[in-house]
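Residues per chain, in single letters:
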Amino acid sequence: MCDNHHDETAPAAGISRRDLIRRAAVLGLAVGGGTLLATGTAHAFDYYHPFTGYRLSGTWQDHLNRGSSGGLDFAMAVGTALPAAGAGTITNIPENGTGGHTVTITHAGGYRTQYMHLSAFSHANGAQVARGQSVGLSGGQPGAPGSGSSTGPHVHWHLITPGGVRVDPTGYTGGGGGGSLPKTSTAQDGVPGTVFWQRAQKWLSIESGYTGPVDGRPGAGTYSALQRNMRDHFGYTGPIDGAPGPNTWAALQRLGARHGYTGPIDGVMGPNSWRAVARFLNEDRWD
Ligand SMILES: [Zn+2]
């Protein structure tokens, strides 16, 4: 329902932010409507999906299909209070291009969640909000102030990783088919299987922009994200083509070397190479 193509983290120019904030009511109340999906230490920060009670009117893939960097749209009446997915610090971005009035919450660890097409802000910039506390009121009525390119009442929501990659929040909370993953037995048997690759996909979705399913079936999307990670952290200098060769695997062995692999860096993955990578993937943060 919204069509945000450009950088939605940059403030729009020429708008009276003070005026918008002055008009906004400070709600300061915890609001319901969501389901707690994730707690504890398995995730990079403690948050939940606040919009499970609303109809999904635009999927992540819908957004990609129209050239957006991604997002989830939830249909709701204008003026609905929008709960913070987690505790954090508010940044209001009035009239943020196609995104309209946008709230960014900066969470622990550098994660951010964004809420778009608002009709009203609830807090000043720099305000601290608790998980579940309203950050503003939904909007999206076509042509209304703050609606941006929205074609109907809804909120647009997405998560941004510390690396600046926009990702599907439900891939992290357990909604939409995600959820906590078991540890992989590859750490014992040295043979990568479904759980190994699910954990790899989870890792790559958090660190390297993988946006496909966490289904344990690696394809070009998984391998391209792997190559990006290897390029960024392990000295891979080949193409990002989703077709790993010896140079990609050699870089992965360098990762393994940080997790107990002591064999040659020769681009030939054997059981000891896979075991070391599995020890990395079995860290709690990739659950
Ligand atoms: Zn949207």
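(A) How the structure looks around the side chain of glutamine 198. Among the structural elements, glutamine 198 can be located in helix α5 (residues 194-207). Apart from residues lying up to four places away in sequence, glutamine 198 is in contact with Leu181, Val214, Asp215 and Gly216.

(B) Looking closely at unusual backbone geometry. In this structure, glutamate 95 takes a positive phi of about 45° despite not being glycine. Mapped onto the secondary structure, glutamate 95 falls in the loop between β4 (88-93) and β5 (102-106). Owing to a relative accessible area of 26%, glutamate 95 belongs among the partly exposed residues under this scheme. The backbone of histidine 117 sits at a positive phi, close to 70°, despite the residue not being glycine. Counting through the fold element by element, histidine 117 comes out in the loop between β6 (112-116) and β7 (120-121).

(C) Representation of the pairing of strand β9 (residues 134-137) in the model. Bridge count for strand β3 (residues 81-83) against β9 is 2 bridges, and the pairing is antiparallel. Bridge pairing in β9 links alanine 81 to leucine 137. Here β7 pairs with β9 via 2 bridges, running antiparallel. Opposite phenylalanine 121, over in β9, you have glycine 136 as the bridge partner.

(D) Looking closely at the confidence of the model for the protein. Averaged over the protein, the pLDDT score is 82; the fraction of residues at 70 or greater is 81%. Counting contacts from residues 3-44, a segment whose pLDDT is below 50, to residues more than four positions away or on other chains yields 107 contacts. Throughout residues 173-178 the model reports pLDDT below 50, and contacts reaching past four residues in sequence, or to other chains, amount to 10 contacts.

(E) Inspection of the nonpolar core at higher detail. Formed by 47 residues in total, the largest nonpolar core has its most connected members in Tyr115, Val135, Trp203, Met230 and Leu252. If you list the elements that add at least two residues to this core, you get β2 (72-75), β5, β10 (154-160), α5, α6 (220-233), α7 (246-257) and α8 (271-281). Considering every element that reaches this core, the biggest residue donor is α5, with 6 residues. Both domains that meet at this core, namely domain 1 (17-177) and domain 2 (186-286), each give it at least three residues. Residues in contact with leucine 252, not counting those within four places in the same chain, are Leu226, Met230, Met269, Trp274 and Val277.

(F) Expanded view of the pattern of salt bridges. Per the stated rule, a full pass over the model turns up 7 salt bridges. Between aspartate 284 and lysine 183 there is a salt bridge, with the nearest N and O atoms lying 2.7 Å from each other. You can see aspartate 284 sitting in the segment after α8 and its partner lysine 183 sitting in the loop between α3 (170-173) and α4 (186-189), a full 101 residues away along the chain. On the accessibility criterion, aspartate 284 (44% relative accessible area) is partly exposed. Of the charged contacts in the structure, one is a salt bridge between aspartate 287 and lysine 183, with a shortest N-O distance of 3.0 Å. Taken as a pair, aspartate 287 in the segment after α8 and lysine 183 in the loop between α3 and α4 lie far apart in primary sequence, 104 residues in all. Aspartate 287 sits in the buried class, given a relative accessible area of 12%.

Definitions and cut-offs
- Residues numbered from 1 in each chain as written.
- Predicted model: local features only at pLDDT ≥ 70, side-chain atom pairs only at ≥ 80, totals over all residues.
- Heavy atoms only, no water.
- Helix = DSSP H or I, 4+ residues; strand = E, 2+ residues; numbered from the N terminus.
- Contact = heavy atoms within 4.5 Å.
- Buried < 20%, exposed > 50% of the residue type's maximum accessible area, 1.4 Å probe, protein only.
- Pairing = 2+ DSSP bridges.
- pLDDT = per-residue confidence, 0-100.
- Core = buried A, V, L, I, M, F, W, Y, C linked by side-chain atoms within 4.5 Å.
- Domains from an automatic or database assignment.
- Salt bridge = Lys/Arg side-chain N within 4 Å of Asp/Glu carboxyl O.

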